[in-house]
Amino acid sequence: MTPAVDPRAAESLLAFWAEAGVDACFDEAPVDRTRLPPPAPRQATLKAVASVQAPVASGDIAAAVAEARRLAAAADSLEALGEAIAAFEGCGLRTQGARQAVFARGNPTAPILAIGEGPGAEEDARGQPFMGEAGRLLDRMFAAAGLTDRVFITNTVFWRPPGNRTPTPEEQAVCAPFVERTLALLRPKAVLLIGAAAAKSVLQTDDGILKLRGQWREWRLAEGDISAPALATLHPAFLLRQPLRKRQAWSDMLALSARLEGES
Ligand code: URA
């Protein structure tokens, strides 16, 4: 006979797990991850992704990217793009515990496109990027630099990675057509890449964020004649852990603001 479950004991155990950061479950049976092959390298190009995946998986990724491209190209406004993302079923993150797609917030005619890593718990609950403590710090920095209302904010992936892990290059590659379409529709004067995962994915590099930050690079789309100057900066979640780094992030904000002034 199955022993009766004490609901209070179950609730208490769930609370303990949530407190410890275990907030998603996937399989009935445990998985021995020590026996799985090592994770793929962080290079985000689809070519690199294809070479480290089993043939079926790389085919799946290529098909998902093609579908994302098709949906993204058909979206003729940022609003339509948000709807296309919500309808897209090709990103594996969608079925790993995320409550909803999180696309963007901010001014849809902004001169700055800011791109973060991916939604966390608060963003997943509220449906908008950068809503938690890191987001509040980011907003304070934009305000201090006079950039409130001059920013449109999105992420490299649109569903919350379980346990707030970093999105994989495969997940970023599958979502990239939507990120690129955001650039094409918004046509910002400058792009701010927030944190290592966003900078590496968009700039297609393995360089570390401490090397990348503060440098302007050209982000040019493969299709069409669309490009924008992109500046990588430190992620506000990193700044909350390492406040002494705020000086560098502030210098990036000022560089961004100065770039807009130069343009206007
Ligand atoms: N961190 C990110 O990179 N993006 C969010 O939306 C929230 C936190």
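Residues numbered from 1 in each chain as written. Predicted model: local features only at pLDDT ≥ 70, side-chain atom pairs only at ≥ 80, totals over all residues. Heavy atoms only, no water.

**Brief notes about the overall build of the protein**
The line we're drawing: Only DSSP runs of H or I with at least four residues qualify as helices, and only runs of E with at least two residues qualify as strands; both kinds are numbered from the N terminus onward. With a 1.4 Å probe rolled over the protein chains alone, any residue whose accessible area is under 20% of its type maximum counts as buried; one over 50% counts as exposed, and the rest are partly exposed. Any pair of residues with heavy atoms lying within 4.5 Å of one another is described as a contacting pair. Here the open area of atoms and residues is found with the Shrake-Rupley method and a 1.4 Å probe, where only the protein chains shown may cover a residue.
Across its full length, the protein carries 11 helices and 6 strands. For the protein, the residues scored as buried account for 42% of the 264 residues in total. Taking as baseline every contact in the protein between residues at least 6 positions apart, the subset at least 24 positions apart corresponds to 74%. When the accessible area of the protein is evaluated, it comes to approximately 14,200 Å², of which 54% is carbon and sulfur surface.

**Description of the environment of Val102**
Note that Val102 resides in the loop between helix H4 (78–87) and strand S1 (105–106). Residue classification places Val102 among the buried residues on the basis of a relative accessible area of 0%. Separated by 58 residues in sequence, Val102 and Arg160 have C-alpha atoms that sit 8.1 Å apart. Leave out the neighbours within four places in its chain, and Val102 touches Pro119, Glu123, Asp124, Gly127, Gln128, Pro129 and Phe158.

**A few points about the site of the ligand**
To keep things clear, this is the line we draw: We call a residue near a molecule or strand as soon as one heavy atom of that residue lies within 4 Å of the molecule or strand. Whenever two N or O atoms come within 3.5 Å, that pair is a polar contact, provided that in protein one can donate a hydrogen and the other can accept it, and provided that, for residues adjacent in sequence, both atoms are side-chain atoms.
Lining the immediate environment of the ligand, one finds Gly116, Glu117, Gly118, Glu123, Pro129, Phe130, Asn155 and His235. In the environment of the ligand, a nitrogen atom lies 3.1 Å from a nitrogen or oxygen atom belonging to the backbone of Gly118. Burial of the ligand by the surrounding chains reaches 90%, relative to a free accessible area of 240 Å².

**What to know about H4**
Defined as follows: This arc is taken over the directions from the axis of the helix to the C-beta atoms.
Listed in full, the buried residues belonging to H4 are Leu78, Leu81, Gly82, Ala84 and Ile85. Around the axis of H4, the buried residues are gathered within 160 degrees of arc, so they sit on the same side. Opposite the buried face of H4, by more than 90 degrees, sit the exposed residues Glu79, Glu83 and Ala87.

**Focus: the sheet that holds strand S5 (residues 216–220)**
In plain terms, the rule: Strand pairing is assigned whenever DSSP detects at least two bridges linking the two strands.
Within the open sheet, the 6 strands sit side by side as S1-S3-S2-S4-S6-S5. Their pairing is mixed. What marks the edges here is a single partner per strand, and that holds for S1 and S5. As paired strands, strand S2 (residues 112–116) and strand S3 (residues 151–155) are joined by 5 bridges and run parallel to one another. In the sheet register, Ile112 faces S3, and the bridge partner there is Val151.

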